[in-house]
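Next come the chains, spelled out residue by residue.
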Number of protein chains: 2
Amino acid sequence: MTQNNHSGHVMAMEASSTITLSDVAQAAGVSVSTASRALNGLDAKYRISRSTAEEVRRVAGELGFRPNQAARAFRSQRSGLVGVVVPDIANPFFAAIAREVTLAAEQHQYSILIADSQESTLREQNLLQEFVSRQVEALVVCPVGVECQHLVAIHQSNLPLVLVDRVFPQCEMMQVTSQHRTGAQLAAELLLANGHRHIGVLQGLPGTLPNDERLQGLRETLHSVGIPFDSEFVDGNNFTEVSGYESATRLLSRHPEITAFFALSTPNALGALRASAGLGRSVPDDLSIMTFDDSPFADFMRIPLSTVCQDVQKLGEQAASIVVSALRDGKMPPPTLQQFQVTVVQRSSIESARL
Amino acid sequence: MTQNNHSGHVMAMEASSTITLSDVAQAAGVSVSTASRALNGLDAKYRISRSTAEEVRRVAGELGFRPNQAARAFRSQRSGLVGVVVPDIANPFFAAIAREVTLAAEQHQYSILIADSQESTLREQNLLQEFVSRQVEALVVCPVGVECQHLVAIHQSNLPLVLVDRVFPQCEMMQVTSQHRTGAQLAAELLLANGHRHIGVLQGLPGTLPNDERLQGLRETLHSVGIPFDSEFVDGNNFTEVSGYESATRLLSRHPEITAFFALSTPNALGALRASAGLGRSVPDDLSIMTFDDSPFADFMRIPLSTVCQDVQKLGEQAASIVVSALRDGKMPPPTLQQFQVTVVQRSSIESARL
DNA sequence: GTGAAAGCGCTAACAC
DNA sequence: GTGTTAGCGCTTTCAC
């Protein structure tokens, strides 16, 4: 690392002696209240004369007046903040959701407070408390997904809260996720159609809705064709590559008859790819892989992964739209559980099972 | 999409009639000031009796007192906020930086305001103004990178500001980026060693330091071995896949003698992969590709991309550490330009040029 | 049409 | 050791 210390640098200008509303009022020759009204575009409501209002705004612009949002938020009880909590900002899935919400919020003059729970429910709780005490006007949460009391409490306090992805169907809240069960069924049908009968499942975080609904979808499809669903063939504890690697390794050694993996996340699938390489099983001829969630790299992979795609943009947009309408109307939207369609993209990671 | 409207739902409990500091004080039988001190852990400083302090805290806990951070921020002029502005939250590079900063901030009880400039300097300016008026105590900005006056102004107002990635060496600020020039030189040497003499450059956003330093590194290395650097062989206007696709297509049709591409970003390289497929040039036998920035998918690609890797985590950590120390010490760190080492990872996207 | 003035909930002099 | 009190910058009720 190189480091160039600039020398002789003078820390210029004291924090440009902030212009306050009363400065503007004084300069414009009006009272603070008139200035406030004019600057908030309340001319009509308070029947401020056109000339006065414009003069105030002109002066404010000239002085470079920036209303102190902290003061404004405090006084008006409107922070102009929307809180977003996700388990991992760097995960493309959550990043995409954060992005949609952020863009929507920016459009409506709200700012976004973001936090990373690092997949810890405890952290999630604390971060949410923090956001609540910062007076956020709405929350979008991609929860860790195994506990929900703290979320219910927030919802009940009448603070608009939208859950995304790992939702809680038993709770009456605003929730947005995908049709995981259907997705898994489609995936299972594809594997069955290719002759796979011994399917190993690399699961993510057990107890979360996406994980469990996917398992259930698979189970149902297998049952429907008379194949028993053996929990011995399910392994994994997280939506991570490490979990995928470890569970794939264990499953392959315990059940060499496995001809296909159903990974419940893309990192899980990548782990499986590494594991199978290490164990001399080649994909797809020797081992098929089906996964969840798409990535922009999918088409460029050595073994392009067949996958169940969620419409991440739609999830984010919908979450944003619920939040925005709650903020606009000032009332809680009705609690709903929305589940968006998924699509299956078949790529070469699936081959017919060898007989 | 399915939609289950829960019915008969009662919007319970009014926003739990917020407990204020004076409620706590009253309940504990002390004045607000004592309560404030006790709750802020200033017992020692104000020599509050152990029993009183503990009683106050007990009562506060019992009542579920949550200090109104908006009020606190307003009064104390300490918002406890750090602003982060990036050109695209969903871009893994920026997401990783945002994550490091967020985690560091959370550790120090700060919250993160995040915003997405969408590669627009104008938006960047507005977002920064917004953050300033929200009284952020520090800013981390991955700027669009072609204009810097607005950033200089912020720096001069004595608000701690750290620039990451697309920095401005001519400005005296706190800046963190990679050794782009060196990286490009290493990349160029690798291409030269493989016999490539006609190298097409798929550039990103011209005028930004990473882009221009990389071009310069390439130029220098070519010159050093007596190969002229022809700007005819440089095309592109953005760090995006679209730009990469278009510039690769143009370059290949105008200069079919090109045997290798140097893409200045991974999306640029993906665009080149698509373009070359369309034009019947196969990578790597018929066309080599070298790129910048790594991705977790690199090892799984059909044509694993050779790349110059930046240490994203270090960039983020360093930005965070500068910010944290500025916040802790309450003074501006010295303006520095730090450039972190890069490493070259050679993968199979590079082959010897056909003679 | 405009101004005066009362706080929002909290912190920090200052008083004793 | 603890209480009293004056605001922070703004919005908003009430007065005129």
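Since we're looking at a predicted model, the values are computed, not measured.

1. Examining unusual backbone geometry
Cis geometry is found at the peptide bond from Val283(A) to Pro284(A), where omega equals 5 degrees. With respect to the helices, strands and loops of the structure, Pro284(A) is situated in the loop between α12 (266-278) and β10 (288-292). A positive phi angle is found at Arg47(B), which is not glycine, with a value near 50 degrees. Locating Arg47(B) in the fold gives a position in the loop between α3 (43-46) and α4 (50-63). Owing to a relative accessible area of 76%, Arg47(B) belongs among the exposed residues under this scheme. Even without glycine at this site, Gln77(B) takes up a positive phi of about 60 degrees. Looking at the element boundaries, Gln77(B) is found in the loop between α5 (69-76) and β2 (81-86).

2. Re the UniProt feature "domain: HTH lacI-type" (unreviewed entry) in chain A
Mapped onto this numbering, the UniProt entry gives "domain: HTH lacI-type" (unreviewed entry) at residues 19-76 of chain A. Along residues 19-76 of chain A, the helical share is 72% and the strand share 0%, with 20 Å between the first and last C-alpha atoms.

3. Overview of the interface of chain B and chain A
Taken together, the 77 residues of chain B in the interface contact 77 residues of chain A. Both faces combined, the contact of chain B with chain A buries some 7,100 Å², and carbon together with sulfur accounts for 56% of it. The interface formed by chain B and chain A holds 6 salt bridges in total. Between Asp116(A) and Arg99(B) there is a salt bridge, with the nearest N and O atoms lying 3.2 Å from each other. The interface formed by chain B and chain A holds 22 residue pairs in polar contact (both at pLDDT 80 or more) in total. Mapped by element, the contributors of at least two residues to the side of chain B that touches chain A are β1 (2-5), α5, α6 (92-107), β3 (111-116), α7 (121-133), α8 (149-156), α12 (266-278) and β12 (336-340) of chain B. Looking at side-chain class alone, the side of chain B that touches chain A contains 35 nonpolar, 29 polar and 13 charged residues. Taken together, the 3 bridges between strand β3 (residues 111-116) of chain A and β3(B) define a ladder with antiparallel strand orientation. Bridge pairing links Ile114(A) to Ile112(B) in β3(B).

4. Thoughts on helix α10 (residues 209-224) of chain B
Within an α-helix, residues lying three or four positions from one another point in the same direction, as the helix has 3.6 residues per turn. Residue and element names in this part refer to chain B. Here α10 spans 22 Å end to end across 16 residues, near enough to the 22 Å set by a 1.5 Å rise per residue. Taken together, the buried positions of α10 are Leu209, Pro210, Asn211, Glu213, Arg214, Leu215, Gly217, Leu218, Thr221 and Leu222. Gly226, located one to two residues past α10, shows a positive phi value of around 80 degrees.

Quick notes on the rules
Residues numbered from 1 in each chain as written. Chains lettered and ligands numbered in written order. Predicted model: local features only at pLDDT ≥ 70, side-chain atom pairs only at ≥ 80, totals over all residues. Heavy atoms only, no water. Helix = DSSP H or I, 4+ residues; strand = E, 2+ residues; numbered from the N terminus. Buried < 20%, exposed > 50% of the residue type's maximum accessible area, 1.4 Å probe, protein only. UniProt positions renumbered as here; feature names shortened; annotations may be inferred. Contact = heavy atoms within 4.5 Å. Buried area = accessible area lost by both parts, 1.4 Å probe. Salt bridge = Lys/Arg side-chain N within 4 Å of Asp/Glu carboxyl O. Polar contact = N/O pair within 3.5 Å; in protein donor to acceptor, adjacent residues only side chain to side chain. Nonpolar A, V, L, I, M, F, W, Y, C, P; charged D, E, K, R; others polar. Pairing = 2+ DSSP bridges. Expected span 1.5 Å × (residues − 1).

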